[in-house]
Amino acid sequence: MIAMSQRPDLPDTHYLDNRIFTDEAIFRRELEDIFQKVWLFACHESEIAKPGDFRATVAGGKPIVAVRGTDGAIRAFYNVCRHRAAQVVCEDSGNAKEFQCFYHHWTYALDGACTGIAKPEGYKRVGLDKAKLGLIPLRCDSYAGFVFVCMNDAVEPLNEYLRDIFAPVLAPLSTTPLEVFHFHQATIASNWKLWQDNNSERYHSYLHAINRKTLPWVTGRNSPMKLRMFARGHSGYWSDGDAAANYSAGGYSGLSAEGTLPGLQENEMRVINLFPDVMINIRSNVVRVDRMVPLGPGRTLVEWRGLGVKGDSAELRAKRLRHHNLFWGPAGRNLSEDVIAVESQWKCMAADAVRYSILAREEDLNPTDDENVRAFYREWGRRVGLRANAPLEGSDATAG
Amino acid sequence: MQQLDDRLAELVDREAIRELIGATAAVLDAEDLARWIELFAPEAEYELSAYSPAIRAPMSWWKTARPDLDRMLEDVGQHVRDRGRRLHVVSPVAIALAGNRATARSQFAVMRTRQDGETHLYVAGRYEDELVKPGGRWLYARHRVILDTRMLETFTHLPL
């Protein structure tokens, strides 16, 4: 009988121990060693377009708020009052002249400075200095309209972190200003890495009824589309030639490529996956951005954004929306299938019925090659100091 | 006498629209999409929408007119999709008649019974419908679903 814990007869880099998706201690380690030591996407600049606009979320397990100041600069802070640690900004988004903690009414300026303490005379004897009690800032910077935060001063500048992986999508993402027209989120019963895997590997095109018809070059032997590998665990896939989606082959003739973003062919797809938790997927005239908030080994809040061109006519926006919604969103034909798949994986992994899963496809970077996922786990292993195929058997080895 | 006839005709129309909305729920619960689409006029549009406080804007999650809507529904059987069983509960309907056109507004909730037998509230929202009566039968010209629910436990290939 084959044991559930029998290792596949494959190189160490070509399979995973499924406990990296379910182990509580590994999850905590990921928050500290990965999420708190990388640049994390927080929001798109268009979400905080005007002075005073703010966007509150969770990054790396911490509550944060990004806000555009009266000087136009975007800053980010831990969304925690310096007094007794209540959440200062309680709405997901809005516009404010200042922030006031609801609990004891300490107030903060948009640049984080503590500007008011209720009944301040009570602190006179101890000499409390509000100048030293501003909201605690995070590093915050933007790239191509995408706002990122970082909790660690030792991490390289954002430009250095993203420059190479963003280069092939810079034209569609930053030539004309984009804006978010779609935002929804869901807590999925799965591990955050499984969602990133799903966003990275193209082998699962077999899962999608639409892709089976409209993307024949994905499942074919050779494809003009190739995986693109970058340092730091980033990857992507796009074509230098003809790899446009053939929607009419699937009977979806109503889709329009009108408004194709700069630098792309009609119905071209370009996708980048940023380590650890972001995917930017461009389908010619519309952009999808996934962001993850890991809540536990088997719980992940996923945010999905859809972006179009700011100032679109109603007619053109409707065309982008139609393209977006066919695949994505809570009623999208593909996204629904993806969520079912990663939840199924995690349920089985949590049962520890079969210990290992396989990432062994080698296809010269054709879309169904697993090399981009293997690269992700090499970076994961380097950062958490564990081998992805043997995480509980020694802590100092690095996969790959 | 004419007034009585008019009043009776109006009541018949109102009852027919209520029956249409009730039938919509029943065919969706039965996953009978062929019958569901028959409740729409030839160029009618279906829309599933919600408001996003995060971006402070309404969102349209599914907005498709016939015949593309018919095409999408044909593929539902090919998708890997939620196997939960759904049950619509629809409130009394507010109807405004204008000859062979009408608007209707109702509140609804969908209960979802998972494969393991547990039932949960899946979504809540309202329908805001525009109706027409070509050939003496009330049909949707626009069937708009506006959800209060923004976070779905599982996504949907089926209309709500």
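Q: Teacher, can you tell me more about unusual backbone geometry here?
A: A negative phi angle is the norm for most residues apart from glycine, just as the trans form is the norm for most peptide bonds. Following Phe275(A), the chain continues into Pro276(A) via a peptide bond in cis, with omega recorded as 5 degrees. Here Pro276(A) lies in the loop between β15 (269-274) and β16 (278-283). Across the junction of Arg66(B) and Pro67(B), the peptide omega takes the value 10 degrees, indicating a cis bond. Structurally, Pro67(B) can be placed in the loop between β2 (57-65) and α3 (68-74). One non-glycine residue, His105(A), lies in positive phi territory at about 65 degrees. Mapped onto the elements of the fold, His105(A) is located in the loop between β7 (99-100) and β8 (107-108).

Q: I'm lost on helix α1 (residues 2-29) of chain B in this one. Help?
A: Given 3.6 residues to a turn, an α-helix orients residues that are three or four positions apart in the same direction. All names here are of chain B. Across its 28 residues, α1 extends 41 Å between first and last C-alpha, which sits within 8% of the 40 Å expected from 1.5 Å per residue. Residues of α1 that are buried: Asp13, Arg14, Ile17, Leu20, Ile21, Thr24, Ala25, Val27, Leu28 and Asp29. Against the buried residues of α1 lie α2 (33-37), β3 (85-90), β4 (94-98), β5 (101-113), β6 (119-132) and β7 (139-147). Positive backbone phi, approximately 55 degrees, marks Glu31, located one or two places after α1.

Q: Quick question: what am I supposed to make of the side chain of Glu371(A) here?
A: Residue and element names in this part refer to chain A. Here Glu371 shows up in helix α9 (residues 371-384). Accessibility expressed as a relative area gives 18% for Glu371, which makes it buried. Of the polar contacts made by the side chain of Glu371, one reaches the side chain of Arg378; its length is 2.5 Å. Beyond its immediate stretch of four places on either side in the chain, Glu371 contacts Leu227, Met229, Arg361, Leu365 and Arg378.

Q: Hey, could you run me through the sheet that holds strand β17 (residues 286-296) of chain A in this one?
A: Residue and element names in this part refer to chain A. Spatially, the 7 strands line up as an open sheet ordered β12-β18-β17-β16-β15-β14-β13, and their pairing is antiparallel. Two strands bound the open sheet, and with one partner strand each, they are β12 (178-188) and β13 (225-229). Pairs of neighbouring strands in the sheet enclose a mean axial angle of 15 degrees, with direction left out of account. When β17 meets strand β18 (residues 299-309), the two strands line up antiparallel, connected through 9 bridges. What sits directly across from Pro294, in β18, is Thr300.

Q: Help me understand the interface of chain A and chain B in this model?
A: Interfaces are frequently sized by the accessible area removed from exposure as the parts join. Listed per partner, the contact involves 40 residues of chain A and 29 residues of chain B. A buried area of about 2800 Å², summed over both sides, lies between chain A and chain B, and 56% of it is on carbon and sulfur atoms. At the surface where chain A touches chain B, the tally comes to 2 salt bridges. Between Arg322(A) and Asp68(B) there is a salt bridge; the shortest N-O distance is 2.7 Å. Scanning the region where chain A abuts chain B turns up 11 residue pairs in polar contact (both at pLDDT 80 or more). Elements supplying a minimum of two residues to the side of chain A that touches chain B: β3 (53-59), β6 (93-95), β12, α5 (209-214), β18, α7 (314-327) and α8 (333-350) of chain A. A per-element tally of the side of chain A that touches chain B places β12(A) first, with 8 residues. Residues belonging to the side of chain A that touches chain B are distributed by class as follows: 17 nonpolar, 14 polar and 9 charged.

Q: Please explain the pattern of salt bridges as it appears in this structure.
A: Residues and elements named next belong to chain B. By the definition in use, this model includes 51 salt bridges over all chains. Glu130 is the partner of Arg142 in a salt bridge, and the nearest nitrogen-oxygen pair spans 3.9 Å. With Arg142 in strand β7 and Glu130 in strand β6, this pair connects stretches of sequence that are 12 residues apart. Among the residues examined, Glu130 registers a relative accessible area of 34% and is labelled partly exposed.

Q: In this structure, what is going on with the confidence of the model for chain A? I would like to understand it.
A: Do not read the predicted coordinates in detail wherever pLDDT is low. Per-residue pLDDT for chain A averages 93, and the proportion of residues at 70 or more is 96%. The model gives residues 395-400 of chain A a pLDDT under 50, and that stretch makes 17 contacts with residues more than four places away or in other chains.

Q: How do you make sense of the sheet that holds strand β4 (residues 62-68) of chain A when you look at a structure like this?
A: Consider a sheet: its strands pair through backbone hydrogen bonds, and that pairing is either parallel or antiparallel. All names here are of chain A. The antiparallel open sheet is built from 7 strands, whose spatial order is β2-β11-β10-β5-β4-β3-β6. If you trace the sheet from one side to the other, it starts and ends with β2 (40-44) and β6, each paired once. Mean inter-strand twist for the sheet, computed between neighbouring axes without regard to direction, equals 30 degrees. Against the sheet, helix α2 (residues 158-166) touches β10 (137-143) and β11 (146-150), its axis set at about 30 degrees to β10.

Q: Where do I start with α2(A) in this structure?
A: Listed in full, the buried residues belonging to α2(A) are Leu158(A), Tyr161(A), Leu162(A), Ile165(A) and Phe166(A). Summarising the axial view, the buried residues of α2(A) lie within an arc of 95 degrees, below the 170-degree limit, and thus occupy one face.

Q: How do you make sense of the nonpolar core when you look at a structure like this?
A: Nonpolar side chains tend to gather and get buried jointly when the protein is soluble and globular. One finds Phe166(A), Ile280(A), Tyr377(A) and Trp380(A) to be the most contacted residues of the largest nonpolar core, which totals 133 residues. Ignoring any residue separated from it by four or fewer positions in sequence, one finds Phe166(A) in contact with Tyr143(A), Ala144(A), Phe146(A), Leu173(A), Ile272(A), Leu274(A) and Ile280(A).

Q: Before we go on, may I ask you to explain the side chain of Asn334(A) in this structure?
A: All names here are of chain A. With respect to the element layout, Asn334 can be found in helix α8. A distance of 3.0 Å separates polar atoms of two side chains, one belonging to Asn334 and the other to Asn211. Beyond its immediate stretch of four places on either side in the chain, Asn334 contacts His208, Ile210, Asn211, Arg283, Leu326 and Phe327.

Q: What is the right way to read a nonpolar patch on the surface from this model?
A: Taken together, Leu8(B), Leu11(B) and Val12(B) make up a surface patch of nonpolar side chains, about 270 Å² in accessible area. Take Val12(B): it is sitting in helix α1.

Q: Explain the pairing of β18(A) here, please?
A: Side chains on a regular strand alternate between the two faces of the sheet. Residue and element names in this part refer to chain A. Counting buried residues along β18, 10 of its 11 residues qualify, which places the element largely inside the surrounding structure. The pairing of β12 with β18 spans 10 bridges and is antiparallel. Looking across to β18, one finds that Thr187 is bridged to Leu301. From the end of β17 to the start of β18, which pair antiparallel, there are 2 residues.

Conventions and cut-offs
Within any chain, residue numbers begin from 1 and follow the written order of that chain's sequence. Here chains are named by letter from A upward and ligands by number from 1 upward, in the order in which they appear as written. Owing to the predicted nature of the model, reporting of local features is limited to residues with pLDDT of at least 70; listing and counting of side-chain atom pairs is limited to 80 or more, with chain, interface and lining totals taken over all residues. To get the side-chain values, all heavy atoms of the structure are used, and hydrogens and water are removed first. Numbering of helices and strands runs from the N terminus, with a helix taken as a DSSP run of H or I at least four residues long and a strand as a DSSP run of E at least two residues long. Take the residue count of a helix, subtract one, and multiply by 1.5 Å to get its expected span. Whether a residue is buried, partly exposed or exposed follows from its accessible area with a 1.4 Å probe, protein chains only, as a fraction of its type maximum: under 20%, in between, or over 50%, in that order. Any pair of residues with heavy atoms lying within 4.5 Å of one another is described as a contacting pair. Distance and chemistry together define a polar contact, namely a pair of N or O atoms within 3.5 Å, with one atom able to donate a hydrogen and the other to accept it when in protein, and with adjacent residues in sequence counting only for side-chain atoms on both sides. Two strands pair under a simple rule: DSSP has to find at least two bridges between them. Under this scheme, a helix contributes an axis fitted over its contacting stretch, all axes are lines through C-alpha atoms, and angles between N-to-C directions fall in the 0 to 180 degree range. When two components associate, each loses some accessible surface as probed by a 1.4 Å sphere; the sum of these losses over both components is called the buried area. For this document, the term salt bridge refers to a Lys or Arg side-chain nitrogen within 4 Å of an Asp or Glu carboxyl oxygen. Just so you know the grouping, Ala, Val, Leu, Ile, Met, Phe, Trp, Tyr, Cys and Pro go in nonpolar, Asp, Glu, Lys and Arg go in charged, and all remaining residues, Gly too, go in polar. Each residue carries a pLDDT score, the predictor's confidence in it, ranging from 0 to 100. Here the arc refers to the set of directions running from the helix axis out to each C-beta atom. Residues belong to a common nonpolar core when they are buried Ala, Val, Leu, Ile, Met, Phe, Trp, Tyr or Cys residues joined through side-chain atoms within 4.5 Å. Think of a patch as exposed residues, more than 30% relative accessible area, with no salt bridge, where like charges cluster within 9 Å and nonpolar side chains (Val, Leu, Ile, Met, Phe, Trp, Tyr) cluster within 5 Å. Surface accessibility follows the Shrake-Rupley procedure with a 1.4 Å probe radius. Residue values consider only the protein chains on display as shielding.

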